[in-house]
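Observations on chain architecture
Here is what each chain is made of, one letter per residue.
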Amino acid sequence: MVEKYNLSSNSWVNQTYELRNLWALAYLRNQFFGRIKTTCQCEGINSLIKAYVRKKDTLLEFINNMEIVVSHYRNNKRVAEFNSKYTDPLFVTSLPTLEGFAAKTFTRNMFREVRKEIDGACVMNTELVIQDGGKLYFKCNSFGMPEIDHVVEFDRVGGMLRCECLWFENQGIPCMHIFACLKHQYVEFILERLVCKRWTKNAKSDFMKSNVDDPSDSDKVLKCRLGVLGAECSKLMDVACKNSSDFVKAMNDIVNTITKLQKQGENPHKGDLDDDYIVDPLVVKSKGAPKKNSKFKQQRKCSNCGVPRHYNKSYPNVPGRIPKEKVDDDIEKNNSSHLDMLTKREKSAEDEKR
């Protein structure tokens, strides 16, 4: 390209070519990136968040929307874990033993990628070229393309296979040439050194166990303990449900352990309490003034005479004020009933006019 377009004097082209080992794929085949080589994952997350976030949202609405997004991610994660642990895929290759071992070891998404390599190994031609002690060297090529060869080194002592295509070093899964060599040697399982821990079903077990006793973050410790207990209990369920005696024994042990831990939780320091032992504080009543008792409610008194049951405006002995005449209860009831009847008649007349 430099010769074709006469770019030998271009400083940017020369500088970029000097850094070719940082961007050219041919120099990055032996580097592991966790199957992330572009920003498509970040772009996908941004496009998902755009559906839940708007410019006019308040801070509270933004937090609620982000919680919805995170809940969707967690739900997808739980669904993927359930499919990996409790469902069996359909075997489609002509190497069912290797395919079954991969299905038990890898997660469902990674199993699909490994199955492609196993399927490709079925049409590979494999030839033993050199045998040097515990090391075997194979030459592999695809059926119909004998001119393209790949050399695979098989170390029987170390239990490791290495192909010159560097697919395992770059992607973290064995290539079809390695599976072809395993087929040639009648190996019905994937060697331990060819299994990348991060692609397996129990990838988080070591991480959670390493953080179980981390004193710096109690919330993190609690979540790790829940994860470890859940993983171990799932293994126990798979093993104990196959036999009735094992099931009864496991159930009895679980019930006894739960009862013992519950008793310890009720009395965590029974019998060895010290004077300096700090316990939970006493539960206090709500803040503010105490509630008033209605029995001792003070009656309102007149400001002139200090006598209850009347006040200043209704005080009868004020000079110049005409006392209010008392009206019998029967007369007052009759007056009120007559007033009600008159108001009803007026309303009915207005309705008829309308």
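Keep in mind that what you see is a predicted model, and the values were worked out from it rather than measured.

1. Thoughts on unusual backbone geometry
In this structure, N6 is a non-glycine residue whose phi angle is positive, near 55 degrees. Mapped onto the elements of the fold, N6 is located in the loop between α1 (2-5) and α2 (11-18). In this structure N6 comes out as exposed when scored by relative accessible area, which is 62%. Even without being a glycine, L166 presents a positive backbone phi close to 60 degrees. Looking at the element boundaries, L166 is found in the loop between β4 (160-163) and α7 (167-171). Of the residues examined, L166 reaches a relative accessible area of 12% and is grouped as buried.

2. Thoughts on the UniProt feature "domain: SWIM-type" (unreviewed entry) in the protein
Listed under "domain: SWIM-type" (unreviewed entry) in the UniProt record, and renumbered for this structure, are residues 148-186. For residues 148-186, the end-to-end C-alpha separation is 24 Å, with 36% helix and 26% strand making up the annotated structure.

3. Considerations on the pairing of strand β3 (residues 150-155)
Here six bridges tie strand β2 (residues 135-142) to β3, and the two strands are oriented antiparallel to one another. Its bridge partner lying in β3, F138 is registered against V152. One ladder, built from four bridges, connects β3 with β4; its direction is antiparallel. Bridge pairing links E153 to R162 in β4. What sits between the antiparallel neighbours β3 and β4 is a turn of four residues, in which G159 has the positive phi angle 65 degrees.

4. Side note on the pairing of β2
The pairing of strand β1 (residues 124-132) with β2 spans eight bridges and is classified as antiparallel. Across the sheet, residue T126 finds its bridge partner in β2, namely C140. Hairpin remark: β1 followed by β2, antiparallel, with two residues in the connecting loop; positive phi at G133, about 65 degrees.

5. Things to note about the state of the cysteines
Following the criterion strictly, the structure yields zero disulfides and no others. Looking at C165, it has no disulfide partner, and the nearest cysteine sulfur is the one in C163, 3.4 Å off. Classification of C165 as buried rests on a relative accessible area of 16%.

6. Structural notes on the sheet that holds β2
Pairing is antiparallel across the open sheet formed by four strands, whose spatial order is β1-β2-β3-β4. Both edges of this open sheet fall to β1 and β4, since each of them pairs with a single strand only. Across the sheet, the mean angle from the axis of one strand to that of its neighbour is 25 degrees, orientation sign disregarded. Each of β1, β2, β3 and β4 touches helix α8 (residues 176-184); the most contacted strand, β1, lies at about 70 degrees to it.

7. Brief notes about the packing of aromatic side chains
Counted by the stated rule, this structure contains three aromatic pairs. Directly above the ring of Y17 sits R20, whose terminal nitrogen or CZ lies 4.3 Å from the centroid.

8. Concerning the nonpolar core
Ranked by internal contacts, the top residues of the largest apolar core, which has 34 residues, are F106, V152, L161, I178 and F179. When residues of this core are traced back to their parent elements, those giving at least two are α5 (96-105), α6 (108-121), β2, β3, β4 and α8. If near-sequence neighbours (up to four positions away) are discounted, L161 is found in contact with V152, E153, F154, I178, C181, L182, L191 and L194.

9. Structural notes on α6
Given a rise of 1.5 Å per residue, 14 residues ought to cover 20 Å, and the 20 Å separating the end C-alpha atoms of α6 matches this to within 8%. For α6, the set of buried residues is R108, M110, F111, V114, R115, E117, I118, G120 and A121. Each element contacted by the buried residues of α6 is listed here: α4 (59-86), α5, β1, α7 and α8.

10. Section: the environment of G134
Topologically, G134 is positioned in the loop between β1 and β2. In the structure, G134 is positioned 21 residues away from D155 in sequence and 6.1 Å away in space, judged by C-alpha atoms. Leave out the neighbours within four places in its chain, and G134 touches F154, D155, R156 and V157.

11. Let's talk about the environment of W199
Among the structural elements, W199 can be located in the loop between α8 and α9 (205-210). Note on W199: relative accessible area 10%, which makes it buried. Spatially, the C-alpha atoms of W199 and F111 are 8.8 Å apart, while their sequence positions differ by 88 residues. Sequence-distant contacts of W199, defined by excluding residues within four places in its chain, comprise F32, G34, R35, F106, T107, M110, Q171, G172 and I173. At 3.4 Å, the side chain of W199 and the backbone oxygen of Q171 are in polar contact.

What counts and what doesn't
Residues numbered from 1 in each chain as written. Predicted model: local features only at pLDDT ≥ 70, side-chain atom pairs only at ≥ 80, totals over all residues. Heavy atoms only, no water. Helix = DSSP H or I, 4+ residues; strand = E, 2+ residues; numbered from the N terminus. Buried < 20%, exposed > 50% of the residue type's maximum accessible area, 1.4 Å probe, protein only. UniProt positions renumbered as here; feature names shortened; annotations may be inferred. Pairing = 2+ DSSP bridges. Disulfide = S-S within 2.5 Å. Axes fitted to C-alpha atoms, helices over the stretch in contact; angles between N-to-C directions. Contact = heavy atoms within 4.5 Å. Phe/Tyr/Trp six-rings, centres within 6.5 Å; stacked < 30°, edge-to-face > 60°. Lys NZ or Arg CZ within 6 Å of the ring centre and 35° of its normal. Core = buried A, V, L, I, M, F, W, Y, C linked by side-chain atoms within 4.5 Å. Expected span 1.5 Å × (residues − 1). Polar contact = N/O pair within 3.5 Å; in protein donor to acceptor, adjacent residues only side chain to side chain.

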